[in-house]
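One letter stands for each residue in the lines below.
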Amino acid sequence: MSGLALIFRRELALSWAGGGGPFLALGFYIAMASLLPLALGADPARMASVAPGFAWLVLALASLLSLERMFERDFEDGALDLIALGPAPLEMTALAKGLAQWIAIAAPLALLAPLIVTALGAPMRLAPIVVICGLVGGLSFCFLGGVGAALSLGSRRGGVLIALIVLPLFTPPVIFGAGAIEAFGVGLDWRTPLLLLSAYSLAAVALCPFAMAAAARNAIS
Amino acid sequence: MFQALVNPDRFMAFSRWAAPLLGVIALVLAAAGLVLDFQAPPDYQQGYTVHIMFIHVPAAFMSEFVYACLGVASFLSLVFRHALATAAARAAAPLGAGFTLLALITGSLWGRPTWGTWWVWDPRLTSVLVLFLFYIGYMALEAAVEDEAKAARAAAILALVGLINLPIVHYSVVWWNSLHQGSSLLRAGGPAMPAVYLAPLLLMVFAYMAGFGALWLVRIRGEVWRRRAAVLAMRAVA
């Protein structure tokens with residue numbers, strides 16, 4: 001278990017090293033949000049109607065950005081081989097990597113999301129549900145994304161390939177998260193979509209480490 | 001029968017006559033289906049556009065059926081590491097993508113005259129589109145990883161992840177649709193299909209299945225030949 005904690009701390013430290021941690025994803029998020037009024041026109045009513053859904057979609061996209069570093073760096077410098085040889089099962093390592101990714105990237109994005117939603121003109125009272133959806137859905141994005149990252153090891157087209165593999169898998173969390181935010185906004189039952197989102201995220205946390213480990217083992221074999 | 005086919009030599013001997021036989025069966029069934037189709041009267045609501053159904057519905061069915069074949073082949077390839085299963089998975093993906101694309105295109109052509117629009121974000125259409133993206137992702141991954149054996153295993157893992165996810169995607173899209181729009185252009189549960197339409201439709205479904213079987217066998221054979229050629233080339237160099 002201490003080995004797991006070590007890997008977790010290592011992953012957190014690495015996410016800050018040479019790349020500025022979450023700032024890349026946060027910068028992407030802000031840049032995309034600032035382009036929305038330029039594309040749609042700055043009519044407040046029009047922006048307010050699309051702001052929650054747009055902010056949720058771009059959050060999903062922003063969480064794709066740093067996936068490539070999840071396994072690629074360890075794969076290239078041989079650390080992944082050493083970790084695989086070590087006593088901790090690779091599934092545990094994958095779990096630690098996913099959780100570290102969640103804390104380093106998804107949580108900051110979730111905390112920024114209400115600011116974006118509000119700046120685009122949606123009502124302030126959406127803020128809590130946006131943060132909760134960002135945190136819960138972020139688990140799905142990190143773990144499914146980790147599967148894509150591990151699968152594309154050894155290819156020469158990492159980033160785009162990961163996005164192509166992972167985005168179809170994002171369909172359910174994107175639907176449930178946007179559904180929860182929208183239902184909350186119009187005063188409908190938002191618990192059901194949030195629970196569905198939570199269920200999907202928990203299933204992703206439970207199952208994806210096995211797929212990540214299988215893919216990583218395949219890459220280093 | 002399956003046990004016997006695990007041996008590549010026996011598979012090659014079997015598929016040598018099975019592939020053309022299935023192809024002939026597919027052509028005969030499709031010809032019979034089309035003849036019956038054009039003898040059927042035009043639909044009282046859709047008119048002649050109902051003929052698109054006999055191309056579209058079997059393609060939509062095959063898009064899911066082929067993904068199931070891909071999933072089973074990937075599972076066998078991962079668990080038993082059998083070369084033929086790997087070849088079968090690899091061979092199935094472009095065929096499945098082709099059926100899915102055919103379903104999307106014919107559906108769009110059918111939607112224009114009947115619903116008045118090329119595309120609706122209806123749960124079925126949306127989940128078929130996502131299925132198409134799954135095929136694209138599978139083929140892209142397989143093509144991008146340089147080591148062929150590793151590419152096949154990575155793609156097999158992705159196929160299984162997709163197999164688990166496809167039902168969830170489908171139900172999430174159904175749920176999304178019920179949230180977003182109450183009325184749909186497409187009303188299911190119209191009059192049950194009369195036999196004049198059902199008979200050619202079933203014939204076409206079987207024709208598509210036989211056609212897929214023939215093409216799949218041909219592609220697996222090609223895969224086996226390609227590998228044998230690669231081995232010969234390596235021996236010649238060594």
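Keep in mind it's a predicted model, so treat the numbers as computed, not measured.

Enquirer: I'd like a description of the overall build of chain B, backed by residues and values.
Expert: Helices and strands together make up the secondary structure of chain B, namely seven helices and zero strands. Secondary structure elements in chain B, listed N-terminal to C-terminal, are α-α-α-α-α-α-α. Counting across all 238 residues of chain B, residues that qualify as buried make up 44%. Here the contacts in chain B between residues at least 6 apart in sequence split such that 82% fall between residues at least 24 apart. Total accessible area on chain B stands at roughly 12,400 Å², and carbon and sulfur atoms take up 72% of it.

Enquirer: Explain the confidence of the model for chain B to me, using residue names and the numbers behind them.
Expert: Low pLDDT marks stretches whose predicted atomic positions should not be read closely. All names here are of chain B. In this model, chain B carries a mean pLDDT of 84, and residues with pLDDT of at least 70 account for 90%. Mean pLDDT in chain B bottoms out at helix H1 (residues 2-5), which sits at 60, and peaks at helix H3 (residues 53-80), which reaches 90. Confidence over residues 181-187 falls short of pLDDT 50; this stretch has seven contacts with residues more than four positions distant or in other chains.

Enquirer: Kindly report on the environment of B:His51, identifying the contributing residues and their values.
Expert: All names here are of chain B. With respect to the element layout, His-51 can be found in the loop between helix H2 (8-39) and H3. We classify His-51 as buried; its relative accessible area is 13%. Separated by 10 residues in sequence, His-51 and Phe-61 have C-alpha atoms that sit 17 Å apart. Apart from the residues lying within four places of it in its own chain, the contact partners of His-51 are Asp-37, Phe-38 and Ala-40.

Enquirer: Hey, could you go over the packing of aromatic side chains for me, with residue numbers and the actual values?
Expert: With the rule as written, the count across this model stands at 11 aromatic pairs over all chains. Ring geometry for A:Trp56 and A:Phe141: centres 5.6 Å apart, planes at 45 degrees, overall tilted. One end of the pair, A:Trp56, is in helix H3 (residues 44-62); the other, A:Phe141, is in helix H7 (residues 127-151), with 85 residues separating them in the sequence. Residue A:Phe141 is classed as buried on the basis of its relative accessible area of 0%. Judged by centre distance (6.4 Å) and plane angle (85 degrees), the rings of B:Phe65 and B:Phe212 are edge-to-face.

Enquirer: Give me the lowdown on a nonpolar patch on the surface, citing residues and values where you can.
Expert: All names here are of chain B. On the surface, a nonpolar cluster with roughly 390 Å² of combined accessible area is contributed by Leu-101, Ile-105, Leu-109 and Trp-118. Mapped onto the elements of the fold, Leu-101 is located in helix H4 (residues 83-115). Taking relative accessible area as the criterion, Leu-101 reaches 37% and is therefore assigned partly exposed.

Enquirer: Please provide a residue-by-residue account of the side chain of B:Arg221, values included.
Expert: Residues and elements named next belong to chain B. By secondary structure assignment, the location of Arg-221 is in helix H7 (residues 195-237). Salt bridges are absent for the buried Arg-221, whose nearest opposite-charge side chain, Asp-9, sits at 9.7 Å. Within the structure, Arg-221 has its side chain in polar contact with the backbone oxygen of Met-12 (distance 2.8 Å). Beyond its immediate stretch of four places on either side in the chain, Arg-221 contacts Phe-11, Met-12, Ser-15 and Arg-16.

Enquirer: Can you lay out helix H10 (residues 191-220) of chain A for me, pointing to particular residues and giving the numbers?
Expert: Compared with the 44 Å implied by 1.5 Å per residue over 30 residues, the 43 Å span of H10(A) between its first and last C-alpha is a close match. Along its length, H10(A) reaches its greatest deviation from straightness, about 35 degrees, at A:Leu207, and the proline A:Pro209 lies no more than four positions downstream.

Enquirer: Which residues make up unusual backbone geometry, and what are the values?
Expert: Positive phi values are uncommon outside glycine, yet B:Arg81 reaches one of about 50 degrees. Take B:Arg81: it is sitting in the loop between H3 and H4.

Enquirer: Would you mind going over the environment of A:Arg9 in detail, with residue names and values included?
Expert: Position of A:Arg9 among the secondary structure elements: in helix H1 (residues 2-16). Distance in space between the C-alpha atoms of A:Arg9 and A:Ala96 is 8.8 Å, their sequence separation being 87 residues.

Enquirer: Mind laying out the nonpolar core, listing which residues take part and the relevant values?
Expert: Among the nonpolar cores identified, the biggest contains 133 residues, and A:Tyr29, A:Met212, B:Leu70, B:Trp216 and B:Ile220 are the most heavily contacted of them. Per-element accounting of this core gives the leading share, 13 residues, to H4(B). Apart from residues no more than four positions distant in its own chain, A:Met212 is found in contact with A:Met70, A:Phe71, A:Ala94, A:Phe143, A:Gly146, A:Val147 and A:Ala150.

Enquirer: Could you give an account of the interface of chain B and chain A, naming the residues involved and the relevant values?
Expert: Each partner contributes residues to the interface: chain B has 26 residues there, and chain A has 28 residues. Between chain B and chain A, a total of about 2,300 Å² is buried, with carbon and sulfur atoms accounting for 75% of that surface. Per-residue buried area on chain B facing chain A is highest for B:Lys150, B:Ile157 and B:Trp175; these three make up 24% of the total on that side. Counting every contact that joins chain B to chain A gives zero salt bridges. Where chain B meets chain A, there are four residue pairs in polar contact (both at pLDDT 80 or more). Among the secondary structure elements, those contributing two or more residues to the side of chain B that touches chain A are helix H5 (123-144) and helix H6 (148-180) of chain B. For the side of chain B that touches chain A, the element with the highest residue contribution is H6(B), accounting for 15 residues. Looking at the side of chain B that touches chain A, its residues break down into 19 nonpolar, four polar and three charged.

Enquirer: Lay out the pattern of salt bridges in plain terms, naming residues and giving numbers.
Expert: Side-chain pairs of opposite charge can arise where the charged atoms are in close proximity. As enumerated under the stated definition, the model contains 10 salt bridges over all chains in all. In this structure, A:Lys97 and A:Asp74 form a salt bridge, with 2.6 Å as the shortest nitrogen-oxygen distance. With A:Lys97 in helix H6 (residues 90-119) and A:Asp74 in helix H4 (residues 68-76), the pair connects residues that are 23 residues apart, well separated along the chain. The partner of B:Glu223 in a salt bridge is B:Arg226, and the shortest N-O contact between them spans 2.7 Å. On the criterion of helical spacing, the pair formed by B:Glu223 and B:Arg226 is a turn pair, its members being three residues apart in helix H7. Linked through salt bridges whose partners overlap, the residues forming this network are B:Arg90, B:Glu142, B:Glu148, B:Glu223 and B:Arg226.

Rules used in this analysis
- Residues numbered from 1 in each chain as written.
- Chains lettered and ligands numbered in written order.
- Predicted model: local features only at pLDDT ≥ 70, side-chain atom pairs only at ≥ 80, totals over all residues.
- Heavy atoms only, no water.
- Helix = DSSP H or I, 4+ residues; strand = E, 2+ residues; numbered from the N terminus.
- Buried < 20%, exposed > 50% of the residue type's maximum accessible area, 1.4 Å probe, protein only.
- Contact = heavy atoms within 4.5 Å.
- Areas by Shrake-Rupley, 256 points an atom, 1.4 Å probe, with all protein chains shown as cover.
- pLDDT = per-residue confidence, 0-100.
- Phe/Tyr/Trp six-rings, centres within 6.5 Å; stacked < 30°, edge-to-face > 60°.
- Patch = residues over 30% accessible without salt bridge, like charges linked within 9 Å, V, L, I, M, F, W, Y side chains within 5 Å.
- Salt bridge = Lys/Arg side-chain N within 4 Å of Asp/Glu carboxyl O.
- Lys, Arg positive; Asp, Glu negative; His and termini not counted.
- Polar contact = N/O pair within 3.5 Å; in protein donor to acceptor, adjacent residues only side chain to side chain.
- Expected span 1.5 Å × (residues − 1).
- Bend = angle between axes of the 7 residues up to and from the residue.
- Core = buried A, V, L, I, M, F, W, Y, C linked by side-chain atoms within 4.5 Å.
- Buried area = accessible area lost by both parts, 1.4 Å probe.
- Nonpolar A, V, L, I, M, F, W, Y, C, P; charged D, E, K, R; others polar.

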